[in-house]
Amino acid sequence: MEKGNNFQSSKFWIEKILNQAKLYTSLRYLSLIYKPGQCHPIANTNTMNSREIIRIPTKLKIATGSYILQTVRAKFKSNTELSICKLCNETEETLPHFLLTCKSLEDIRNPILEDLINSCSEELAAFNMKGEHFDILQLIIDPFTYMTMLSFPQLRNEKVFKVIQNIIDPKCRRLCYNLHCERYRLLQLDDIKKKKRK
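Cut-offs used in this document
- Residues numbered from 1 in each chain as written.
- Predicted model: local features only at pLDDT ≥ 70, side-chain atom pairs only at ≥ 80, totals over all residues.
- Heavy atoms only, no water.
- Core = buried A, V, L, I, M, F, W, Y, C linked by side-chain atoms within 4.5 Å.
- Buried < 20%, exposed > 50% of the residue type's maximum accessible area, 1.4 Å probe, protein only.
- Helix = DSSP H or I, 4+ residues; strand = E, 2+ residues; numbered from the N terminus.
- Contact = heavy atoms within 4.5 Å.
- Salt bridge = Lys/Arg side-chain N within 4 Å of Asp/Glu carboxyl O.
- Phe/Tyr/Trp six-rings, centres within 6.5 Å; stacked < 30°, edge-to-face > 60°.
- Lys NZ or Arg CZ within 6 Å of the ring centre and 35° of its normal.
- Expected span 1.5 Å × (residues − 1).
- Bend = angle between axes of the 7 residues up to and from the residue.
- Polar contact = N/O pair within 3.5 Å; in protein donor to acceptor, adjacent residues only side chain to side chain.

The protein chain is annotated in an unreviewed UniProt entry as Reverse transcriptase zinc-binding domain-containing protein of Mytilus edulis.

In structure tokens:
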């Protein structure tokens, strides 16, 4: 009897947590394929390579909406600071701008993004996913989302998971981390220039 109660209680809390997670706009890019108590796939790596491991926190901040961009900073400072991107000074620094369109980050972004798109085309075509609409922003932030959108027999689902885990997600992590590093490098250079002017 007690085992059945624990299962019902556990099921209740899992459903409650997953349903509440859908309400948080900061989690809109994070797939809910994980189970509470287990690590989300984007927080895992299948290698002990320290280069891969060090990229995980940046990717998690981006996926959970806790990566501080200029638009967020402006909101926290009661709009005393502008939400314009300090790198390109052209538009608001939103997540799509940072990951996809900021001109100051093009040299870092373009080769990795091209490699990512080519890998997705090659690897996922084997699973007849060619006709699916892929949101590139969603793909970069959490490629495991496509596991929930597509219905595959279990064996094929596991194969897609391995392709995403071993090939696609490491490239997404690399893109996020390299953009993050370049962004902070450029912001530090900007701060140094401003201090010299004073």
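What follows picks up the thread again.
1. Focus on the nonpolar core
Ranked by size, the top nonpolar core spans 38 residues in total, and within it Ile 62, Leu 95, Phe 98, Leu 99, Leu 116, Ile 141 and Ile 168 carry the most contacts. Mapped onto this core, the elements with two or more residues apiece are α2 (50-63), α4 (95-101), α5 (106-125), α6 (136-141), α7 (145-149) and α8 (154-197). Considering every element that reaches this core, the biggest residue donor is α8, with nine residues. Excluding residues within four positions of it along the chain, Leu 99 makes contact with Ile 62, Arg 109, Leu 137, Ile 140, Ile 141, Cys 176 and Leu 179.

2. Side note on the pattern of salt bridges
The final tally for this structure, using the stated rule, is eight salt bridges. Asp 115 is paired through a salt bridge with Lys 171; the nearest N and O atoms lie 3.3 Å apart. One end of the pair, Asp 115, is in helix α5; the other, Lys 171, is in helix α8, and 56 residues separate them in sequence. The buried category is assigned to Lys 171, whose relative accessible area is 19%. Note that Asp 169 and Arg 173 form a salt bridge whose closest N and O atoms lie 2.9 Å from each other. Here Asp 169 pairs with Arg 173, and both are found in helix α8, just four residues apart, close to one helical turn. Pair check on accessibility: Asp 169 and Arg 173 agree, each one buried.

3. Things to note about the packing of aromatic side chains
The geometry of an aromatic ring pair is captured by the separation of the ring centres together with the interplanar angle, meaning the angle of the planes. According to the stated counting rule, one finds two aromatic pairs in the structure shown. A centroid spacing of 5.3 Å and a plane angle of 20 degrees characterise the contact between Tyr 67 and Phe 98, whose relative ring orientation is stacked. Of the two residues, Tyr 67 is situated in the loop between α2 and α3 (70-76) and Phe 98 in helix α4; the sequence distance between them amounts to 31 residues. Note on accessibility: Tyr 67 and Phe 98 belong to one class, buried. Lying across the ring of Phe 98, Arg 183 places its NZ or CZ 5.9 Å from the centre.

4. Some remarks on α2
The terminal C-alpha atoms of α2, which comprises 14 residues, lie 21 Å apart, in line with the 20 Å expected from a rise of 1.5 Å per residue. A bend of about 25 degrees at Ile 56 is the largest found in α2, and the proline Pro 57 appears one to four places after it. Buried within α2 are the following residues: Glu 52, Arg 55, Ile 56, Thr 58, Lys 59, Ile 62 and Ala 63. N-capping of α2 is provided by Asn 49, with a side-chain oxygen placed 2.8 Å from the backbone N of Arg 51. Downstream of α2 by one or two residues, Gly 65 has phi in the positive range, about 75 degrees.

5. Topic: the environment of Ser 26
Secondary-structure assignment places Ser 26 in the loop between α1 (2-21) and α2. Apart from residues no more than four positions distant in its own chain, Ser 26 is found in contact with Ala 63, Thr 64 and Gly 65.

6. Quick word on the side chain of Glu 182
You can see Glu 182 is positioned in helix α8. Among the residues examined, Glu 182 registers a relative accessible area of 15% and is labelled buried. For Glu 182, the residues in contact, after removing those within four places along its chain, are Leu 105 and Ile 108.

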